[in-house]
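Here is what each chain is made of, one letter per residue.
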Amino acid sequence: MAFSVTKTCSSSSFCSDASSQHQNHKIFPSHSSSLSLISRSAFYRSGFVSRRGKKCSSLTHVCSSIKAVLLDEYKENLSLPKGYSWSVHKFGGTCVGTSDRIKNVADVIVNDGSEGKLVIVSAMSKVTDMMYDLINKAQSRDDSYISAADAISEKHRLTAVELLDGDELATFLSRLHDDINNLKAMLRAIYIAGHATESFTDFVVGHGELWSAQMLSFVVKKSGLDCKWMDTREVLIVNPTSANQVDPDFVGSEKRLEEWFSRNPSKTVIATGFIASTPKNIPTTLKRDGSDFSAAIMGALLKARQVTIWTDVDGVYSADPRKVSEAVILRTLSYQEAWEMSYFGANVLHPRTIIPVMRYDIPIVIRNIFNLSAPGTMICSSPTDDNEDTQELASPVKGFATIDNLALVNVEGTGMAGVPGTASAIFGAVKDVGANVIMISQASSEHSVCFAVPEKEVNAVAEALQSRFRQALDAGRLSQVAVIPNCSILAAVGQRMASTPGVSATLFSALAKANINIRAIAQGCSEYNITVVLQREDCIRALRAVHSRCYLSKTTIAMGIIGPGLIGAALLDQLRDQAAVLKEEFNIDLRVMGITGSRTMLLSDIGINLLNWRQLLKEKGEVADLEKFTLHVHGNHFIPNIAMVDCTADTNVASCYYDWLRRGIHIITPNKKANSGPLDQYQKLRSLQRQFYTHYFYEATVGAGLPIVSTLRGLLETGDKILRIEGIFSGTLSYIFNNFEGARGFSDVVAEAKQAGYTEPDPRDDLSGTDVARKVIILARESGLKLELADIPVESLVPEPLKASASAEEFMRQLPQFDQDIAKKRQEAEKAGDVLRYVGVVDVVGKEGRVELCRYKRDHPFAQLSGSDNIIAFTTTRYREQPLIVRGPGAGAQVTAGGVFSDILRLASYLGAPS
């Protein structure tokens with residue numbers, strides 16, 4: 001038969017089931033006795049002072065004799081069926097913290113279809129702490145222990161009244177009353193003595209489990225299930241160790257379990273967690289996380305199918321979700337992974353809890369009592385990855401854990417090398433002061449040994465080492481015993497880390513990119529764990545950095561969007577529409593961490609919801625500050641890659657590029673100011689980009705959405721030689737001259753283009769030719785020419801008298817006065833069968849560039865344009881006779897935003913996104 005063990009949340013419980021006490025073969029006195037607990041406790045059996053103030057050692061021998069006789073006489077020839085039909089559940093203190101929660105626990109038990117169910121329960125939430133407080137008050141001779149005991153009694157009385165009625169309520173309240181009176185008698189003895197032994201303390205604090213187990217058993221019975229409750233002090237035998245822990249006696253406990261079931265046959269058992277007995281029948285506890293340990297031991301004794309630990313979280317997280325918002329629930333963990341993570345502070349299980357179930361390969365499942373739909377985390381011997389998320393499969397690291405408030409002790413000196421017994425002497429001194437060593441690291445040179453200890457213990461450790469090695473320090477064989485305070489440990493855990501190349505490189509690279517220094521490193525030969533020591537203030541940043549590198553897509557990019565104007569707004573809308581597809585199909589996770597204009601900015605720690613970014617910017621925006629904006633976007637170290645997207649035409653923003661590249665921030669922009677500015681600054685940007693392995697993409701600076709820069713680079717990188725680049729680079733001027741024909745006036749066409757949104761707010765910015773000149777400079781520099789913007793002659797279409805017009809409106813009013821000048825050029829061209837086109841030219845052979853109004857035959861490709869199309873012709877050694885033509889739309893916010901978006905995806909591709 002198989003077993004299921006269920007454990008509830010908190011502390012301890014003591015008494016046996018009411019029905020078992022009224023059987024003919026009972027061993028202890030009836031619970032109705034005024035000495036219900038103490039009369040059968042180990043204290044009285046070992047000579048504890050009774051209510052009459054006399055020793056009861058004789059009673060001990062009588063009880064022991066009676067017990068032996070009764071067991072021999074009435075032992076049935078029925079063995080406890082064990083195996084797959086049993087399931088074990090454990091419910092912690094929060095799970096049974098109120099009457100409603102106890103009802104929920106009862107529902108879970110009733111709905112479990114296992115043939116046998118064993119449920120471990122803790123004390124109600126906070127009750128164990130309250131019981132310890134009783135001890136502290138009594139031994140401090142604080143009279144308030146009496147009222148504190150009454151408060152505990154009232155808490156349980158009120159809960160019982162809400163859960164029970166009739167005989168069950170009367171029975172429980174009678175037992176509770178007797179227990180509280182007996183506890184007060186014991187606390188009075190402690191009060192008088194001014195001291196409580198460990199045995200006294202263990203006996204007192206275990207009552208919380210006794211009471212919660214009894215109440216839960218009554219509630220389960222009300223549902224119609226045959227249910228008994230078990231005082232696990234009658235079953236579990238443990239041997240206390242010197243390390244404030246206990247070792248289970250499985251042989252003795254199994255025998256007692258068989259005996260208990262022979263007297264109390266039942267398929268549903270509610271058992272107390274946390275408490276047990278020594279081989280001498282003295283009540284004790286299982287110490288830290290004792291109820292989990294109880295469940296694991298009972299699961300092993302029953303060889304149960306599964307042990308379920310019910311708590312208030314959905315399972316085991318890949319990192320502390322309070323520190324890493326991106327932490328995910330792990331579907332499975334191996335015993336070794338759970339062991340490693342719990343040792344390093346993860347809220348999994350205490351390492352010793354895993355030991356009993358490992359013996360019989362019994363899985364442990366961590367589930368949330370408040371979210372029954374969550375599958376939880378299964379801990380087993382060889383977890384399969386069939387149902388794992390793709391993100392988990394991608395990384396050999398399963399999870400991360402941290403320990404804070406540590407200090408690093410470094411013992412170093414040339415006299416240590418090759419001297420046997422040095423390490424033994426060091427750690428012998430540490431052992432003598434009772435300090436716990438968390439981690440050890442030693443270089444192969446043997447010049448130094450460093451180790452981490454709790455910060456509260458480091459002074460004692462340092463003093464012990466100074467004393468132990470005083471002679472070696474004075475003689476210079478040891479140079480120092482140094483203490484580095486304010487440290488934390490970060491541990492990466494994963495069974496698949498073993499023999500997987502590159503795991504350490506990935507982790508250390510993530511820490512380096514987050515600008516975090518490592519003080520010490522340790523890794524065992526099993527390769528299940530890599531541990532690093534860091535400064536405490538860097539710990540959360542480090543945790544986020546390594547977690548993101550392993551659990552987020554390699555192409556998760558944190559972006560800051562600068563300039564939510566026409567182009568920036570169009571880009572944000574395109575990102576909104578495409579983000580889900582990119583993430584699902586290409587594993588590209590694009591997150592906008594901030595949006596800033598010239599006046600207002602919007603910041604987010606996890607990514608702005610682009611569905612309503614305009615509303616959020618308006619309602620939650622703050623005063624724009626580019627430095628603060630940069631620090632925020634760059635400071636989100638839980639995302640591996642950072643990019644600034646500059647959608648402005650601002651020189652001040654372009655001046656930040658150098659600093660951004662130096663910090664490792666990628667840059668994507670349609671802003672031409674940086675690449676067409678002073679030559680030396682352009683060269684510094686390109687040099688810095690290569691030095692820091694950061695990417696700087698600016699395709700949209702020349703052709704909006706057209707692949708002009710990338711085409712030029714492709715030609716050069718494949719060995720072609722550029723001879724000449726010529727083209728219509730302005731979508732605005734392309735539109736104007738494509739429509740400047742017949743009898744139409746030049747000013748009319750400009751007004752039409754402005755009305756259609758093709759021009760800048762001030763059309764002079766387009767007609768001046770400066771924008772085209774900047775594109776020419778960019779292409780000239782890409783081709784290897786070292787030109788300044790001032791070296792480019794530009795034929796301006798702005799009449800000289802109108803350059804000083806006070807406003808765009810004034811300029812447009814006066815422009816018709818000058819229509820005749822340019823109309824004359826059109827007429828001359830038409831007579832010759834030509835058309836006018838405004839072009840930019842890069843003459844690589846002549847090492848020059850220019851911007852001018854030219855005439856082309858009607859069969860020339862430049863004459864075949866329509867609308868606002870751009871066209872660029874590359875004449876190279878390969879394309880000498882027939883130039884390589886790139887043609888397409890060259891103006892408009894949507895087109896330019898598409899070019900910027902293309903560069904973002906190009907960055908993702910460079911960072912490892914699938915093609």
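It should be noted that the structure appears before, not after, this text.
Figured I'd write up the structure that's included with this text. All figures in this text were calculated on a predicted structure; none of them were measured in a lab.

### Thoughts on the overall build of the protein
Next up, step 1: For the protein, the helix and strand inventory stands at 34 helices and 31 strands.
Next up, step 2: Looking at the protein residue by residue over its 915 residues, the buried ones come to 55%.
Next up, step 3: Partitioning the intrachain contacts of the protein with sequence separation of at least 6 by distance along the chain shows that 74% fall at a separation of at least 24.
Next up, step 4: On the protein, roughly 38,900 Å² of surface is accessible, and the fraction owed to carbon and sulfur atoms is 50%.

### Description of the packing of aromatic side chains
Next up, step 1: Summed over the entire model, instances satisfying the criterion amount to 14 aromatic pairs.
Next up, step 2: Between Trp260 and Phe261, the ring centres sit 5.2 Å apart and the planes meet at 75°, which makes this aromatic pair edge-to-face.
Next up, step 3: Taking the centre distance of 5.8 Å and the plane angle of 70° together, the rings of Tyr657 and Tyr696 count as edge-to-face. Of this pair, Tyr657 sits in helix 24 (residues 657–662) while Tyr696 sits in strand 26 (residues 696–697); the two residues are 39 residues apart in sequence, bridging distant segments of the chain.

### A short note on the nonpolar core
Next up, step 1: In this structure, Tyr657, Ile725, Ile736, Phe737 and Leu767 are the most contacted members of the largest nonpolar core, which totals 71 residues.
Next up, step 2: Considering each element in turn, this core owes the most residues, seven residues, to helix 31 (residues 770–782).
Next up, step 3: Setting aside anything within four residues of it in sequence, one finds Leu767 in contact with Leu733, Ile736, Phe746, Val750, Ser796, Leu797, Val798, Phe811 and Tyr838.
Next up, step 4: If you look at the next biggest cluster of nonpolar residues, it comprises 68 residues, including Phe261, Val324, Ala327 and Leu349.

### Things to note about the packing of helix 7 (residues 166–193) against helix 9 (residues 207–222)
Next up, step 1: Orientation of helix 7 relative to helix 9, taken along the N-to-C sense of each, is 175°, at an axis distance of 11 Å. With respect to their mutual orientation, helix 7 and helix 9 come out roughly antiparallel. Mapping the contact onto sequence places Glu168, Thr171, Phe172, Arg175, Leu176, Asp179, Ile180 and Leu183 in helix 7 and His207, Trp211, Gln214, Met215 and Phe218 in helix 9.
Next up, step 2: A breakdown of the residues in the contact of helix 7 with helix 9 according to their chemical character gives seven nonpolar, three polar and three charged.

### Considering a nonpolar patch on the surface
Next up, step 1: A surface patch of nonpolar side chains, amounting to about 270 Å² of accessible area, comprises Trp339, Tyr343 and Ile355.
Next up, step 2: Mapped onto the secondary structure, Trp339 falls in helix 12 (residues 335–343).
Next up, step 3: Judged by its relative accessible area of 34%, Trp339 is partly exposed.

### Section: the layout of surface pockets
Next up, step 1: Here the second largest pocket is characterised by a volume of approximately 1,100 Å³.
Next up, step 2: Elements with a minimum of two residues in the lining of the second largest pocket: helix 20 (566–586), helix 26 (700–703), helix 28 (731–739), helix 30 (764–767), helix 31 and helix 34 (893–910).
Next up, step 3: Residue classes in the lining of the second largest pocket are distributed as 13 nonpolar, 16 polar and nine charged.

### Side note on the sheet that holds strand 14 (residues 399–412)
By way of backbone hydrogen bonds, the strands of a sheet pair with one another, either parallel or antiparallel.
Next up, step 1: The strand order across the open sheet formed by six strands is 15-16-14-17-19-18, and the pairing between neighbours is antiparallel. With one partner strand each, in any of the chains shown, strand 15 (439–442) and strand 18 (520–523) form the two edges of the open sheet. Averaged over all pairs of adjacent strands, the angle between strand axes in this sheet comes to 30°, irrespective of strand direction.
Next up, step 2: Sheet topology places strand 14 next to strand 16 (residues 448–454); seven bridges connect them, and they run antiparallel. Counted as the bridge partner of Leu406 is Pro454 from strand 16.
Next up, step 3: Sitting on the sheet, helix 12 is in contact with strand 14, strand 17 (480–493) and strand 19 (529–535), with an inclination near 60° to strand 14.

Conventions adopted
- Residues numbered from 1 in each chain as written.
- Predicted model: local features only at pLDDT ≥ 70, side-chain atom pairs only at ≥ 80, totals over all residues.
- Heavy atoms only, no water.
- Helix = DSSP H or I, 4+ residues; strand = E, 2+ residues; numbered from the N terminus.
- Buried < 20%, exposed > 50% of the residue type's maximum accessible area, 1.4 Å probe, protein only.
- Contact = heavy atoms within 4.5 Å.
- Areas by Shrake-Rupley, 256 points an atom, 1.4 Å probe, with all protein chains shown as cover.
- Phe/Tyr/Trp six-rings, centres within 6.5 Å; stacked < 30°, edge-to-face > 60°.
- Core = buried A, V, L, I, M, F, W, Y, C linked by side-chain atoms within 4.5 Å.
- Axes fitted to C-alpha atoms, helices over the stretch in contact; angles between N-to-C directions.
- Parallel < 35°, antiparallel > 145°, perpendicular 65-115°, else oblique.
- Nonpolar A, V, L, I, M, F, W, Y, C, P; charged D, E, K, R; others polar.
- Patch = residues over 30% accessible without salt bridge, like charges linked within 9 Å, V, L, I, M, F, W, Y side chains within 5 Å.
- Salt bridge = Lys/Arg side-chain N within 4 Å of Asp/Glu carboxyl O.
- 1 Å grid on protein atoms, 1.4 Å probe; cavity = no way out; pocket = protein on both sides within 12 Å on 5 of 7 lines; lining within 4 Å.
- Points joined across faces, edges and corners; volume = space filled by probe spheres on them.
- Pairing = 2+ DSSP bridges.

Any link to function would need more than the numbers given here.
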